[in-house]
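Notes for the structure review
Given next are the chains, with one letter for each unit.
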Amino acid sequence: MIDLKRRRVPPRVVTTTYMGATERIALDRLVRDFGAEVKIQYDSVRTRLHAKAWLFRRNTGFNTAYVGSSNLSRSAMLEGVEWNVRLSAIATAPLMKKLGNLRNVLERHNIRELRP
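Conventions used here
- Residues numbered from 1 in each chain as written.
- Predicted model: local features only at pLDDT ≥ 70, side-chain atom pairs only at ≥ 80, totals over all residues.
- Heavy atoms only, no water.
- Helix = DSSP H or I, 4+ residues; strand = E, 2+ residues; numbered from the N terminus.
- Buried < 20%, exposed > 50% of the residue type's maximum accessible area, 1.4 Å probe, protein only.
- Contact = heavy atoms within 4.5 Å.
- Areas by Shrake-Rupley, 256 points an atom, 1.4 Å probe, with all protein chains shown as cover.
- Pairing = 2+ DSSP bridges.
- Axes fitted to C-alpha atoms, helices over the stretch in contact; angles between N-to-C directions.
- Core = buried A, V, L, I, M, F, W, Y, C linked by side-chain atoms within 4.5 Å.

Moving on, we get to the overall build of the chain. Assigned secondary structure in the chain consists of 5 helices and 6 strands. Residues classed as buried in the chain amount to 22% of the 116 residues present. When contacts within the chain are restricted to residue pairs at least 6 apart in sequence, those whose partners lie at least 24 apart make up 55%. For the chain, the accessible surface area stands at approximately 9,000 Å², while carbon and sulfur atoms represent 55% of it.

Listed below in structure tokens is the structure:
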């Protein structure tokens, strides 16, 4: 996050209130300290956003994504047993294209921008 801030690259985060695990103070810090664009899905009755994916876009076009079970939490990253797969614009182009359509999915599911 510090490197992104130094390079003036604002991270984008999409999260949910599903299961009550998202900490508001952490989201506010992402916005305040790192200039993140944070979007939250509030509808936990009809749609339960539970996806975990990290998409890294590069100016070279060699984009990379990680998709899997890992939450972005201390226990998930340091103590849990998690499974993830790495995708790339070269080796798995069709799958990367599907991730690129994420914006269309978000617009259909009541996702709103966080205002700290």
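The next subject is the environment of leucine 114. The residue leucine 114 is located in the segment after β6 (111-113) in this model. Remark: the alpha-carbon pair of leucine 114 and valine 31, spanning 83 residues in sequence, is separated by 8.5 Å. When near neighbours in sequence (up to four residues on either side) are disregarded, leucine 114 contacts Arg24, Leu27, Asp28, Val31, Val38, Lys39 and Ile40.

Looking now at the sheet that holds strand β5 (residues 84-88). Taken together, the 3 strands give an open sheet; going across it, the order is β3-β4-β5, and neighbouring strands pair in antiparallel fashion. Two strands bound the open sheet, and with one partner strand each, they are β3 (53-56) and β5. In this sheet, adjacent strand axes meet at a mean angle of 15° when their direction is disregarded. Pairing geometry for β3 and strand β4 (residues 64-68), over 4 bridges, is antiparallel. Its bridge partner lying in β4, tryptophan 54 is registered against tyrosine 66. Contacts between helix α4 (residues 93-100) and the sheet are confined to β3, β4 and β5, with β5 contributing the most and set at about 100° to the helix.

With respect to topology, 3 strands assemble into an open sheet ordered β1-β2-β6, the strand pairing being mixed. Whereas interior strands pair on both sides, the edge strands pair on one side only; in this sheet they are β1 (12-16) and β6. Within this sheet the neighbouring strands show an average axis-to-axis angle of 25°, counted without direction. Most of the contacts of helix α2 (residues 24-34) go to strand β2 (residues 37-41), to which it runs at about 150°, and overall it touches β1 and β2.

Below, the discussion takes up unusual backbone geometry. At arginine 8, a residue that is not glycine, the phi angle is positive and equals roughly 60°. Its place among the elements puts arginine 8 in the loop between α1 (2-6) and β1. Given a relative accessible area of 75%, arginine 8 falls into the exposed group.

Further remarks concern the nonpolar core. Formed by Leu27, Leu30, Val31, Phe34, Ala36, Val38, Ile40 and Leu114, the largest nonpolar core amounts to 8 residues. Within the residue set of this core, elements represented by two or more residues are α2 and β2. In terms of residue count, the dominant contributor to this core is α2 (4 residues). The contacts of leucine 27, once residues within four sequence positions are left out, are Thr15, Thr22, Val38, Ile40 and Leu114.

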